[in-house]
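# Fold and geometry: a report
Listed here are the chains, written in short residue letters.
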Amino acid sequence: MENLKSFMEHLPDLVMAYGVKAIFAIVIFYIGKYLASLAKRVTGNVLSRKVDKTVSFFVGNLAWAVVFTFTVIATLGQLGIQTASLVAILGAAGLAVGLALQGSLSNFASGVLLVTFRPCRAGDYIEAGGVAGVVDEITIFATRLKTPDNKVITLPNSSLMNGSITNYSMMSTRRLDLVIGVSYDADIKKAKQLLIEILENNDKVLKDPAYTVGLNDLADSSINFVVRPWVNSADFLTTRFALLETIKLTFDEHGIGIPYPQMDVHVKEIPAAQTH
């Protein structure tokens, strides 16, 4: 009874002391959380004026993580928890967790390499990890791609850095590689001249570097020309579609056949007398 009476007498002081600490801890937490978001936003806005979107987004996320970590430590310190011991415990736990999460750490390291060496940037059309799409953003652990049919693909950063990355947008120009087959009965000089005229009349085809039109192969059922014009990277697909359509219509108009695989079957009759 005396212990209970003593506790009740000191209860207001305890509530006052720990209540104030709890209030300050809550205030510190929410202020730190706001500062973390502010650091992310400000860092991203400042860097976006000097570097590309990929780097600014990545550094902004990293700034948020650092500020938020210090906020949690400060909040626990305000509550009276020994943060020095906590940091030591977290360090030991971090080692154990790091061994268990080697894949995540590998993704983080790969993310740093991606924004440092920049084999691809936000807005680039790439092929990596067996998929292709436009780079939307590179985060700490993963890279997000948007496909031409508007699907979203999330790739671990390590799968990008550990494999080959084909960047179709890094260079300002690209070469179209078309193989056009004509029949053996066609006038190949006329066919070549028509191909040259088609390229000359297409305003998307660049004059420098110069295009190439040449007879490349005497195949089994066709004579194959290679048609290699240079275009701006942004015009690659539209120019390809337009050229193929124009070539087909022009060849039809001038009576130049485009063969397709055929098989001639010869049936030999065997006299009835030989079947016995």
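Up top is the structure.
Residues numbered from 1 in each chain as written. Predicted model: local features only at pLDDT ≥ 70, side-chain atom pairs only at ≥ 80, totals over all residues. Heavy atoms only, no water.

Grouped together as the largest cluster of nonpolar side chains are 21 residues, with contacts concentrated most on Val182, Leu195, Val227, Phe251 and Ile256. Put simply, the parts of the chain that give this core at least two residues each are strand E7 (178–182), helix H6 (188–201), strand E9 (223–228) and helix H7 (236–253). Per element, the largest residue contribution to this core is 5 residues, and it comes from H6. Not counting residues within four places of it along the chain, the set of residues in contact with Phe251 comprises Ile180, Val182, Ala191, Leu194, Leu195, Ile256 and Ile258. (Core = buried A, V, L, I, M, F, W, Y, C linked by side-chain atoms within 4.5 Å. Buried < 20%, exposed > 50% of the residue type's maximum accessible area, 1.4 Å probe, protein only. Helix = DSSP H or I, 4+ residues; strand = E, 2+ residues; numbered from the N terminus. Contact = heavy atoms within 4.5 Å.)

This part covers the side chain of Thr239. By the secondary structure assignment, Thr239 is in helix H7. What makes Thr239 buried here is its relative accessible area of 1%.

What follows covers unusual backbone geometry. In the segment running from Asp208 into Pro209, the intervening peptide bond is cis, with an omega of 5 degrees. Here Pro209 is to be found in the loop between H6 and strand E8 (212–218). At Arg118, a position not held by glycine, the phi torsion is positive, near 50 degrees. Here Arg118 falls in the partly exposed class, since its relative accessible area comes to 28%. One non-glycine residue, Asn150, adopts positive backbone phi at about 70 degrees. Summarising the element assignment, Asn150 is placed in the loop between strand E3 (142–146) and strand E4 (152–156). Residue class for Asn150 comes out exposed when judged on its relative accessible area of 63%.

Right, let's talk about the sheet that holds E4 for a bit. Pairing within the open sheet is antiparallel, and its 5 strands lie in the order E4-E3-E2-E1-E5. Each edge of the open sheet is held by one strand with a lone partner, namely E4 and strand E5 (165–167). Each adjacent strand pair in this sheet contributes to an overall mean axis angle of 40 degrees, direction not counted. (Pairing = 2+ DSSP bridges. Axes fitted to C-alpha atoms, helices over the stretch in contact; angles between N-to-C directions.)

This part takes up a nonpolar patch on the surface. Side chains of Ile23, Val27, Ile31, Tyr34 and Leu35 sit close together on the surface and give an oily, nonpolar patch of about 490 Å² of accessible area. Examined against the element boundaries, Ile31 turns out to sit in helix H1 (residues 2–48). Overall, Ile31 belongs to the partly exposed group, its relative accessible area being 47%. (Patch = residues over 30% accessible without salt bridge, like charges linked within 9 Å, V, L, I, M, F, W, Y side chains within 5 Å. Areas by Shrake-Rupley, 256 points an atom, 1.4 Å probe, with all protein chains shown as cover. Salt bridge = Lys/Arg side-chain N within 4 Å of Asp/Glu carboxyl O.)

Here we come to the packing of H6 against H7. For the pair H6 and H7, interaxial distance at closest approach is 10 Å and the crossing angle is 140 degrees. Judged on the interaxial angle alone, H7 and H6 are oblique. In terms of crossing hand, the pair formed by H6 and H7 is right-handed. Residues Ala191, Leu194, Leu195, Ile198 and Leu199 of H6 form the contact with H7, whose participating residues are Leu243, Thr246, Ile247, Thr250 and Phe251. (Parallel < 35°, antiparallel > 145°, perpendicular 65-115°, else oblique. Left-handed = near helix turned anticlockwise from the far one by under 90°.)

Attention now moves to H7. With 18 residues, H7 extends 26 Å from end C-alpha to end C-alpha; this agrees with the ideal 26 Å at 1.5 Å per step. Residues of H7 that are buried include every one of Phe236, Thr239, Leu243, Ile247, Thr250 and Phe251, and no others. Looking down the long axis of H7, one finds its buried residues gathered within 95 degrees of arc, a one-sided arrangement. Residues Leu237, Thr238, Phe241, Glu245, Leu249 and Glu253 are exposed on H7 and point more than 90 degrees away from its buried face. Looking one or two places after H7, you find Gly255, whose phi comes out positive at around 70 degrees. (Expected span 1.5 Å × (residues − 1). Arc of directions from axis to C-beta.)

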